Amino acid sequence: MIRDYKKASSNYTTWDQKDHAEDYLLYPENIGEYLAIDEVALSKGDLYTILTNKSKRSKKGTIIAVIQGTKSDDIIAVLNKLPNKHIVKEVTMDIAATMEVAIKNVFPKAKQVSDRFHVVQLITEALQKERIEHRWMAIKKENERIKKARKEKIPFFPEVLPNGDTVKQLLARSRYLLFKTPNKWTVDQAKRAKILFKRYPDLQAAYHHHLEFRAIYELVDKRTASKALVGWIEKTLIEEHYPFYYLIMTIKQHFDTIFNFFDRRSTNAYAESFNAKIKLFRANLRGVKNNLFFLFRLEKLFA
């Protein structure tokens, strides 16, 4: 059935974008005021950059461009073929320097917005890194105790905490509670958090500092939020919250695009949702055997 569609009932053999499809696809008629740009892996880890029109809501007319790779020069070369670039008012994206450079060159009048969820994700990953470091240290200490017990020919019993966890289990099972705010903890998670923070006060301090960052995004006024972030950065340095040191430069570098969020509270969730649709389509096909034909079918569905 698919073979018949490919060779006979569709216009795949006479497809006007076939010659350059694996390098790029372009649909100028789909351009709009509010766009999103993101990357997606189609097959075997091959990345494609996709520019979409938010107003089309993942239906016909959504895809504006599909570009092989993520290099800014390649993205610029393709997107510069678009007419009416001046109508674009806003483009949402991840924190990716290549995309920012490309959008700034192609749509100089458009406002760039760094996705809030990816910014918060960076902060959360820094917190989780601190937890993981404690876990590796706990594993190291337990291995040393096991080695000592064997040498002395005595049985080894790991320390069991009040909630029934060992120290290694405590640190492993605390992963999910650190993603949540305290009001969303289950009863067991609240008990585990109490034990965790009593044992590792530095992790508690880092957790509360990460909550303070997340709270900035709940503010309504852009100026107030900007002052709050400057205060957060200063507090990071003064109170020596080491897990977040490496993120300060990233935040400063993307300061303007991060705070453009507060103008319309725009996120890149639309692009993430569209990428999920592509991945589901790919899964329903049980993988991509032919990139060219897969791109052709994406055009029929979303362009």
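What you see is a predicted model; the values in this text were computed from it and never measured.

Overview of the overall build of the chain
Along the backbone of the chain there are 13 helices and six strands. Taken along the three principal axes of its C-alpha coordinates, the chain extends 80 × 50 × 35 Å. Looking at the chain as a whole, 46% of its 303 residues qualify as buried. Sequence separation of at least 24 residues holds for 64% of the intrachain contacts in the chain that already meet a minimum separation of 6. Looking at the chain as shown, the accessible area adds up to about 17,200 Å², and 53% of this sits on carbon and sulfur atoms. Distance from the positive charge centre (54 side chains) to the negative charge centre (36 side chains) of the chain: 6 Å.

As for the packing of aromatic side chains
The tally for this structure, following the rule as stated, stands at 14 aromatic pairs. Members of the aromatic cluster, joined through ring pairs, are Phe213, Tyr217, Trp232, Phe244, Phe255, Phe259, Phe261 and Phe262. Above the plane of the ring of Phe117 lies Arg116, whose end atom (NZ or CZ) is 5.4 Å from the centre. Above the face of the Tyr34 ring, Arg264 is positioned so that its terminal group lies 4.0 Å from the ring centre.

Some points on the packing of helix H8 (residues 222-238) against helix H9 (residues 245-253)
As a packed pair, H8 and H9 sit with axes 10 Å apart at the nearest point and diverge in direction by 155°. By the criterion of interaxial angle, the relationship of H8 to H9 is roughly antiparallel. Seen along the crossing, H8 lies across H9 with a hand that is left-handed. Where H8 approaches H9, its residues Leu229, Trp232, Ile233, Thr236 and Leu237 are matched on the opposing element by Tyr245, Ile248, Ile251 and Lys252. Of the residues belonging to the contact of H8 with H9, the class tally is seven nonpolar, one polar and one charged.

How each quantity is defined
- Residues numbered from 1 in each chain as written.
- Predicted model: local features only at pLDDT ≥ 70, side-chain atom pairs only at ≥ 80, totals over all residues.
- Heavy atoms only, no water.
- Helix = DSSP H or I, 4+ residues; strand = E, 2+ residues; numbered from the N terminus.
- Buried < 20%, exposed > 50% of the residue type's maximum accessible area, 1.4 Å probe, protein only.
- Contact = heavy atoms within 4.5 Å.
- Areas by Shrake-Rupley, 256 points an atom, 1.4 Å probe, with all protein chains shown as cover.
- Lys, Arg positive; Asp, Glu negative; His and termini not counted.
- Charge placed at Lys NZ, Arg CZ, Asp CG, Glu CD.
- Phe/Tyr/Trp six-rings, centres within 6.5 Å; stacked < 30°, edge-to-face > 60°.
- Lys NZ or Arg CZ within 6 Å of the ring centre and 35° of its normal.
- Axes fitted to C-alpha atoms, helices over the stretch in contact; angles between N-to-C directions.
- Parallel < 35°, antiparallel > 145°, perpendicular 65-115°, else oblique.
- Left-handed = near helix turned anticlockwise from the far one by under 90°.
- Nonpolar A, V, L, I, M, F, W, Y, C, P; charged D, E, K, R; others polar.

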